[in-house]
Amino acid sequence: GSGTTDSSGNLLLEIENTIPDGPYPENVTIEATINDESGQYISGRTNVLIHPSDVYVGVRTDRYFGKENIPFTAEVITVSTDSEPVSGQTVQLTLIEKRWEREEIEGQFGRYNWTQTEIEVETVSVTSDELGTASYQFTAPNAGIFMIKATTRDQRERLHQSSIRMWVTGST
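Residues numbered from 1 in each chain as written. Predicted model: local features only at pLDDT ≥ 70, side-chain atom pairs only at ≥ 80, totals over all residues. Heavy atoms only, no water.

Turning our eyes to something else, we now look at the pattern of salt bridges. Applying the stated criterion across every chain, the model contains eight salt bridges. For Arg45, the salt bridge identified is with Glu31, shortest N-O distance 2.6 Å. Here the residue Arg45 occupies a position in strand β2 (residues 41–50), and Glu31 occupies one in strand β1 (residues 26–35), the gap between them amounting to 14 residues. Summarising the burial analysis for this pair, Arg45 and Glu31 share the class exposed. (Salt bridge = Lys/Arg side-chain N within 4 Å of Asp/Glu carboxyl O. Helix = DSSP H or I, 4+ residues; strand = E, 2+ residues; numbered from the N terminus. Buried < 20%, exposed > 50% of the residue type's maximum accessible area, 1.4 Å probe, protein only.)

It is worth spelling out the packing of aromatic side chains at this point. In total, this model carries three aromatic pairs according to the counting rule given. With centroids separated by 6.1 Å and ring planes inclined at 35°, the aromatic side chains of Phe72 and Phe138 adopt a geometry described as tilted. With Phe72 in strand β5 (residues 72–80) and Phe138 in strand β8 (residues 133–138), the pair connects residues that are 66 residues apart, well separated along the chain. Ring geometry for Tyr136 and Phe138: centres 4.9 Å apart, planes at 70°, overall edge-to-face. You can call Tyr136 partly exposed: its relative accessible area is 27%. For Phe138, a relative accessible area of 0% gives the class buried. By way of ring pairs, the aromatic residues Phe72, Tyr136 and Phe138 are connected into one cluster. The ring of Tyr112 has Arg102 sitting right over it, with the charged end atom 4.2 Å from the ring centre. (Phe/Tyr/Trp six-rings, centres within 6.5 Å; stacked < 30°, edge-to-face > 60°. Lys NZ or Arg CZ within 6 Å of the ring centre and 35° of its normal.)

Moving on, we come to the sheet that holds β5. What the three strands build is an open sheet, ordered β3-β5-β8; its pairing is antiparallel. Looking at strand neighbours, the two that pair on one side only are β3 (55–61) and β8, the edges of this open sheet. Between one strand axis and the next, the sheet turns by 20° as a mean value, whatever way the strands run. By the bridge criterion, seven bridges tie β3 to β5 in an arrangement that is antiparallel. (Pairing = 2+ DSSP bridges. Axes fitted to C-alpha atoms, helices over the stretch in contact; angles between N-to-C directions.)

The residue Gln89 is located in the loop between β5 and β6 (90–104) in this model. Here Gln89 falls in the buried class, since its relative accessible area comes to 11%. Within the local environment of Gln89, its side chain forms a polar contact with the side chain of Thr152, the two groups lying 2.7 Å apart. With residues near it in sequence (within four places) discarded, Gln89 still touches Val55, Thr78, Val126, Thr127, Ser128, Thr152 and Arg153. (Polar contact = N/O pair within 3.5 Å; in protein donor to acceptor, adjacent residues only side chain to side chain. Contact = heavy atoms within 4.5 Å.)

What follows covers unusual backbone geometry. Of all residues except glycine, most have a negative phi; of all peptide bonds, most are trans. In the Ramachandran plot, Asn69 falls in the positive-phi region, its phi being about 65° despite a non-glycine side chain. With respect to the secondary-structure elements, Asn69 resides in the loop between β4 (65–67) and β5. Unlike most non-glycine residues, Glu157 shows phi in positive territory, near 65°. By the secondary structure assignment, Glu157 is in the loop between β9 (144–153) and β10 (159–169). Relative accessible area serves as the criterion here: at 52%, Glu157 is assigned to the exposed category.

What links the strands of a sheet is backbone hydrogen bonding, and the strands pair in either a parallel or an antiparallel sense. Reading across the sheet, the five strands line up as β4-β10-β9-β6-β7 and stay open at both edges, with mixed pairing between neighbours. The sheet is open, and its two edges are formed by β4 and β7 (112–127), each paired on a single side. When strand polarity is set aside, the average angle formed by the axes of neighbouring strands in this sheet is 35°. Where β6 lies against β9, seven bridges are found, and the strand directions are antiparallel. The residue of β9 that forms the bridge with Leu95 is Ile148.

Written out as structure tokens, the structure is:
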């Protein structure tokens, strides 16, 4: 935008569409150039962190490697943009298997296209306590690569999510 400063040398511009594209924070660079009556120019720039939500959620597991049919704990924490715990926050936890599948390329013996599919195993809702924490025990039904995804929304329904991977071995 452009404009003229007031008698105190201030200019207020409204920037539209500063909502991040996804559920993660983004840095926005704001740059301005002004000139005075003598025609001299001066420029300045700053970065502003745009939060996707007023609430952030983090997730971790009690281990990185697990065994099929043996429970593991997923722990979540919900905090404000100032890192203060947020209690009473609903978080959706989803256990997802990430499976690689191959498809033969027709007419090319021994050549394949590989695609990764996501198979939802279980989804639950937990609510953070006075410390902003909650936990849930998942059980992976088979060996493979799994992701635990945590999602939450602030009071304005803005989304934030985080995830962690876990490798699960078979019982044999």
